[in-house]
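# A closer look at the structure
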Amino acid sequence: INFDAIGMTVRNMSDDERSEYKVKTGVIITDVKNYSKAFNQKLFANAVIVAADKKEVNSASELKSIFDKKKGEAVLLKVVDNQGNSRLVGIDIPQ
């Protein structure tokens, strides 16, 4: 799913990717546009969003519904990289 307003694209993860990243849930970022909101928050391709707004994210459509409910607000994302490092990232969801 492409989130143009934020500047990133995500997709569901395969079972192999979940075990590679050592996560039970999450969606993988496949693309981040330069100088977008996602880029400015140091989100990058191949990072995994495991939670948004303190809720586990199991699919790209689930992430979309969280973003849709939070338009005009900030959402806290929990992101894991392929080294197993996790961090929290706040991102503003445009109206």
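Scroll up for the structure.
Cut-offs applied
In every chain, residue numbers begin from 1 and rise along the written sequence. With pLDDT at 70 or above as the cut-off, local features in this predicted model cover only qualifying residues; side-chain atom pairs require 80 or more to be listed or tallied, and sums for whole chains, interfaces and linings still use all residues. The basis for the side-chain values is all heavy atoms of the structure; hydrogens and waters are excluded. At least two bridges found by DSSP between two strands are what make those strands a pair. Runs of H or I in DSSP of at least four residues are treated as helices and runs of E of at least two as strands, each being numbered from the N terminus. Think of it in three bands: with a 1.4 Å probe and only protein chains considered, a residue is buried below 20% of the maximum accessible area for its type, exposed above 50%, and partly exposed in between. Two residues qualify as a contact provided that any one of their heavy atoms is within 4.5 Å of a heavy atom in the partner residue. Here a Phe, Tyr or Trp ring, Trp counted by its six-membered ring, pairs with any other such ring whose centre lies within 6.5 Å, and the pair is stacked when the planes are under 30 degrees apart, edge-to-face when over 60, and tilted otherwise.

## Here we look at the pairing of strand E2 (residues 8–12)
- The pairing of strand E1 (residues 2–3) with E2 spans two bridges and is antiparallel. Looking at E2, one finds that Asn2 is bridged to Thr9.
- Where E1 folds back on E2, the antiparallel hairpin that results is connected by four residues, among which Gly7 adopts a positive phi of roughly 90 degrees.
- Of the strand pairs in this sheet, E2 and strand E3 (residues 27–32) are connected by five bridges, and their pairing is antiparallel. Within the sheet, the bridge partner assigned to Arg11 lies in E3 and is Ile28.

## Side note on unusual backbone geometry
- In this model, Lys42 sits at a positive phi of 60 degrees, which is unusual for a non-glycine residue.
- Here Lys42 lies in the loop between helix H2 (37–40) and strand E4 (48–52).
- A relative accessible area of 60% places Lys42 in the exposed class.
- Despite not being glycine, Asp53 shows a phi value in the positive range, around 55 degrees.

## Overview of the environment of Asn46
- With respect to the element layout, Asn46 can be found in the loop between H2 and E4.
- Owing to a relative accessible area of 44%, Asn46 belongs among the partly exposed residues under this scheme.
- Linking Asn46 and Val27, residues 19 residues apart in sequence, is a C-alpha distance of 9.5 Å.

## Notes on the side chain of Lys70
- Its place among the elements puts Lys70 in the loop between helix H3 (60–69) and strand E6 (74–80).
- According to the relative accessible area criterion, Lys70 is buried, its value standing at 17%.
- Apart from residues no more than four positions distant in its own chain, Lys70 is found in contact with Asp53, Val75 and Ile93.

## Some remarks on the packing of aromatic side chains
- All chains considered together, the criterion is met by two aromatic pairs.
- Ring centres of Phe3 and Phe67 lie 4.9 Å apart, and the angle between their planes is 65 degrees; this geometry places the pair in the edge-to-face category. Of this pair, Phe3 sits in strand E1 while Phe67 sits in helix H3; the two residues are 64 residues apart in sequence, bridging distant segments of the chain.
- Taking the relative accessible area as the measure of exposure, Phe3 reaches 10% and is therefore buried.

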